[in-house]
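# Breakdown of the fold
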Amino acid sequence: MPWEKAISAGICAGLPVLLGLLLGNLPYGLIAGIGSFTYLYTFHVPYAHRAKKLFFALLGMALSVGLGTFLAPYPTAAAIAVGIIGALAVFIFGAFKIAGPSAIFFVLGFLMSTGMPIDPALAPLRAGLVCLGGALSWMLGMIGWLIQPFGPEAHAVTKVYDELAAFIDSAGTEHDKAARQRLMSTLTMANDTLLAGHLSWRSSAPYNRLLLLYDHANTIFLNILEHLEKSDSVKLPSEFGASLRAIAASLDYKNGSDACQFHPPKQADEDVERLFALIDEAYAILRKPGPQLDQGIPISKPSLKTVLGGAFDKNSIVFFTAIRYGTILTLAAVIANSVHSSHSYWITLSCAAVMSGSTIMATFHRSIQRSAGTIAGVLLATLLLSGKPEGLVIVIAIVLLTALTELAIVYNYGIAALFITSNSLLLAESTSPLVEFSYFASARIIDVVIGALIGLVGTLVIGSRQASNLLPHFMAKTIRSQQQFLLDLFSGSPVGEDHSDDQDSIERSKMRTNLTNLKIVYTTALGEIPSHKQALELLWPAIFSIEQLGYLLESCMKYTGRPVLSDETLSQMLLVFGTMANAAERRRPPAKKSIPEIKGYLNLTKEIHDLQEALQVSGSAWAS
């Protein structure tokens, strides 16, 4: 809940400052308070993943402050270092798809330490104090594990069953495609959540139950698709949606459910009866005792080498964005150093905050919101500091401002910027004598405006059309990886038969990486300036069809009895995929090719046909 997170964030920020005050050393408490920014990286993710994420966040925060303290006497080295810190954080958050504020608070910690009294010998001490503040944030961020150790995973699987019910209810209506898209997205996010919560060294009955339920939801979805493809009647019995919602409502991360029984409608055909049997099996999983749940469902996590390899690709938008972020940040720091004013690092900080937008349009909006919110925040902080706050007043102000930041950031970045700015200035300036009100406020406001302009102009100038230019390449690359994966699946290769092998399919890993990059590039292209929005919207059916095809191909790995296609059929499939990939890369409609049927896999054949049709539309969109 937002209020719970806001209160916890306030405690994390205020308690170190309060301890410093009680121990007679408020400056040390304020430095430890910088570590409280670690809590702002707490999100609703599995605790196994959250523990590692918060640990590395507090470690990064401590290293940033220590490095900033050490390099403060050397402005040029500090300017290069802040660019490297920003680039590394953006790259890591992008490559591993980590939710959170990315580089901004690491940059903030580094810059605040360069504005402290210069003494490189204090680097270990300041870093250690930040570690202590971060450790408190880690403990509060993990406290939910004591109450609901698998709460995030349960929430993800619950959402899958809700969206599966919504998809069934929408079958045959105008909302069919939108519901399928939401379900696909939910299945992908649930898969990522469950993978993040997996511990290879520890097996848990609640986790295994959720894993079985997720796997079973995939089976139900595939059977529904098959039924809709074969059946003349598109509508499905209303009992389907109701029963799936009952599973979602009764899902419990601790134990099974006593959900009510249900029965198939009279005169149901064979497919409908099979679907009801599958849903009944889901109920059985809910009721099954814990010791019977360890059925060895294969867990396939992409290796560190695979993730970093995909992100380090020369055409990777993640790599390009990180390099751009670091370059512009270094430039902003150099300009800030040339100003020679007190605490001019606000130029660099404002630049970093503005560039945190996921797209160029988001960057533009953030520059406006950041400037307006920061100006208001400077005025608020100046008013607070002009009153020369001491002791508990500082602690209370920091707690309130941190809590308000957490509440506001969900709704509007500009309002959040107001509280972030006020809080940062309070941490940085509470122990310093305040100069004249008007001078302090005007200096900070000018710094903010300069930083926002540098971030906006730099983002517009460097690679403003990079994503749009890369989109055809990534569409073609993804289709080719799907072609190779299909060849592995239906040529008699033992793909997916040995689940004990972590590298059961190199081609599947390549396809997953390409799909991830394709979606990032498409989202980024939509936010570019200028953006051919109409043409990009016409590309969406092809992007969605590529994603759906990837899901179906992965689903084929579950079936070890896959048919071995003849050389003629495989050759024709390779021709179909090759034609589509070449057409996408050249931004042209593909020539229509005959698509051979794969017995028992009608959905797969249909999706390849749909992709060919969608590329006809997208090719025309590019041409126009």
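Given the structure is predicted, the values throughout are model-derived calculations rather than measurements.

Check the secondary structure of the protein chain and you find 23 helices and 0 strands. Going through the 624 residues of the protein chain one by one, you find that 54% of them count as buried. Contacts in the protein chain between residues at least 24 apart in sequence constitute 80% of all its contacts with a sequence separation of at least 6.

This next bit is on the pattern of salt bridges. For the structure shown, the criterion picks out 11 salt bridges. Across the salt bridge formed by K97 and D192, the nearest N and O atoms sit 3.8 Å from each other. Within this pair, whereas K97 is found in the loop between α4 (75-95) and α5 (104-114), its partner D192 is found in helix α8 (residues 176-196), the two being separated by 95 residues in sequence. For K97, a relative accessible area of 48% translates into the label partly exposed. Taking the relative accessible area as the measure of exposure, D192 reaches 34% and is therefore partly exposed. A salt bridge links E507 to K510, with the nearest nitrogen and oxygen atoms 3.9 Å apart. Residue E507 and its partner K510 are both found in helix α20 (residues 506-526); the two are separated by 3 residues, about one turn of the helix. Accessibility expressed as a relative area gives 15% for E507, which makes it buried. Overlapping salt bridges bring together R508, R512 and E554 as one network.

Moving on: the nonpolar core. M475, L604 and I608 are the most contacted members of the largest nonpolar core, which totals 173 residues. In terms of residue count, the dominant contributor to this core is helix α9 (residues 205-230) (13 residues). Contact partners of L604, with chain neighbours within four places excluded, come to L486, F490, L549, L552, L553, C556 and I598.

Among all residues except glycine, the phi angle is most often negative; among peptide bonds, the trans geometry is most common. Even without a glycine there, the phi angle at K97 is positive, about 50°. Phi is positive for R587, which is not a glycine, with a value near 60°. Looking at the element boundaries, R587 is found in the loop between α22 (567-586) and α23 (602-623). A residue is classified by how much of its surface remains accessible, and R587, at 32% relative accessible area, is partly exposed.

We now examine α5. Counting buried residues along α5, 10 of its 11 residues qualify, which places the element largely inside the surrounding structure. Three or more residues of α5 are buried, namely I104, F105, F106, V107, L108, G109, F110, L111, M112 and S113.

Time to look at the packing of helix α7 (residues 151-170) against α9. Relative to each other, α7 and α9 sit at 15°, their axes nearing to 10 Å. Regarding the angle of α7 to α9, the classification is roughly parallel. Once α7 is placed against α9, the crossing between them reads as left-handed. Here E153, A154, V157, V160, Y161, L164, F167 and I168 of α7 come into contact with α9, specifically with Y207, L210, L213, Y214, H216, A217, I220, F221, I224, L225 and L228. Across the contact of α7 with α9, the residue classes tally to 17 nonpolar, 1 polar and 1 charged.

Okay, the packing of aromatic side chains next. Any pair of aromatic rings gets described here by the distance separating the centres and the angle formed by the planes. Considering all chains together, one arrives at 16 aromatic pairs under this definition. Ring geometry for Y345 and W346: centres 6.2 Å apart, planes at 25°, overall stacked. Each member of the pair, Y345 together with W346, is buried. Ring pairs connect the aromatic residues F37, Y41, F93, F105 and F106, which therefore count as one cluster.

Attention shifts here to the packing of helix α13 (residues 317-339) against helix α14 (residues 345-354). How two helices sit against one another is set out by the angle between their axes and by the gap between those axes. Close contact between α13 and α14 brings their axes to 8 Å; oriented N to C, the two are set at 160°. By the angle between their axes, α13 is roughly antiparallel relative to α14. The hand of the α13/α14 crossing is right-handed. Counting all contacts with α13, which are made through Y325, I328, L329, A332, A333, A336 and V339, the residues of α14 involved are I347, T348, C351 and A352. Along the lines of polarity and charge, the residues of the contact of α13 with α14 split into 10 nonpolar, 1 polar and no charged.

Moving on, we come to a nonpolar patch on the surface. A cluster of nonpolar side chains, W3, I7, I11, L15, L19, L22 and L23, forms an exposed patch at the surface whose accessible area comes to about 780 Å². Inspection of the secondary structure assignment puts I7 in helix α1 (residues 2-22).

Here the focus is helix α16 (residues 392-409). For α16, which comprises 18 residues, the first-to-last C-alpha distance of 26 Å matches the rise-based estimate of 26 Å (1.5 Å per residue) to within 8%. The set of residues buried in α16 consists of I394, V395, A397, I398, L401, T402, A403, T405, E406, L407 and A408.

Bringing the side chain of Q482 into the picture now. Along the chain, Q482 turns up in helix α19 (residues 466-490). For Q482, a relative accessible area of 0% translates into the label buried. Separated by 2.8 Å, the side chain of Q482 and the backbone oxygen of I546 make a polar contact. Once residues lying within four places of it in the same chain are set aside, the contact partners of Q482 are M511, L515, I546, L549, G550, L553 and F577.

Cut-offs applied
- Per chain, the residues get numbers from 1 upward, laid out in the order the sequence is written.
- The predicted origin of the model limits local features to residues at a pLDDT of at least 70 and limits the giving and counting of side-chain atom pairs to 80 or more, whereas totals for whole chains, interfaces and linings rest on all residues.
- Side-chain measures here rest on the full set of heavy atoms in the structure, leaving out hydrogens and waters.
- Only DSSP runs of H or I reaching four residues or more are called helices, and only runs of E reaching two or more are called strands; each is numbered from the N terminus.
- Accessible area is worked out with a 1.4 Å probe on protein chains only. A residue is then buried under 20% of its type maximum, exposed over 50%, and partly exposed in between.
- For this analysis, residues touch if any pair of their heavy atoms sits within 4.5 Å.
- For salt bridges, the criterion is a side-chain nitrogen of Lys or Arg within 4 Å of an Asp or Glu carboxyl oxygen.
- Here, the term nonpolar core denotes a set of buried Ala, Val, Leu, Ile, Met, Phe, Trp, Tyr and Cys residues that are joined through side-chain atoms within 4.5 Å.
- Lines are fitted to the C-alpha atoms to define the axes, a helix being fitted only along its stretch in contact, and any angle between axes, read from their N-to-C directions, falls within 0 to 180 degrees.
- Orientation categories follow fixed angle ranges, with anything under 35 degrees roughly parallel, anything over 145 roughly antiparallel, 65 to 115 roughly perpendicular, and all other angles oblique.
- For any helix crossing, the convention is left-handed if the near helix is rotated counterclockwise from the far helix by under a right angle, and right-handed if that rotation is clockwise.
- The residue classification treats Ala, Val, Leu, Ile, Met, Phe, Trp, Tyr, Cys and Pro as nonpolar and Asp, Glu, Lys and Arg as charged. All others, Gly included, are polar.
- Any pair of Phe, Tyr and Trp rings, taking the six-membered ring for Trp, is counted once the centres come within 6.5 Å. Such a pair is stacked with planes under 30 degrees apart, edge-to-face with planes over 60 apart, and tilted for the rest.
- Candidates for patches are residues over 30% relative accessible area with no salt bridge; among them, like charges are joined within 9 Å and nonpolar side chains (Val, Leu, Ile, Met, Phe, Trp, Tyr) within 5 Å.
- To measure how exposed things are, a 1.4 Å probe is used in the Shrake-Rupley method; for residues, cover is taken only from the protein chains shown.
- How far a helix is expected to stretch is found by multiplying one less than its residue total by 1.5 Å.
- By the criterion applied in these results, polar contacts are pairs of N or O atoms within 3.5 Å in which, for protein atoms, one can donate a hydrogen and the other can accept it, and in which residues neighboring in sequence qualify only through two side-chain atoms.

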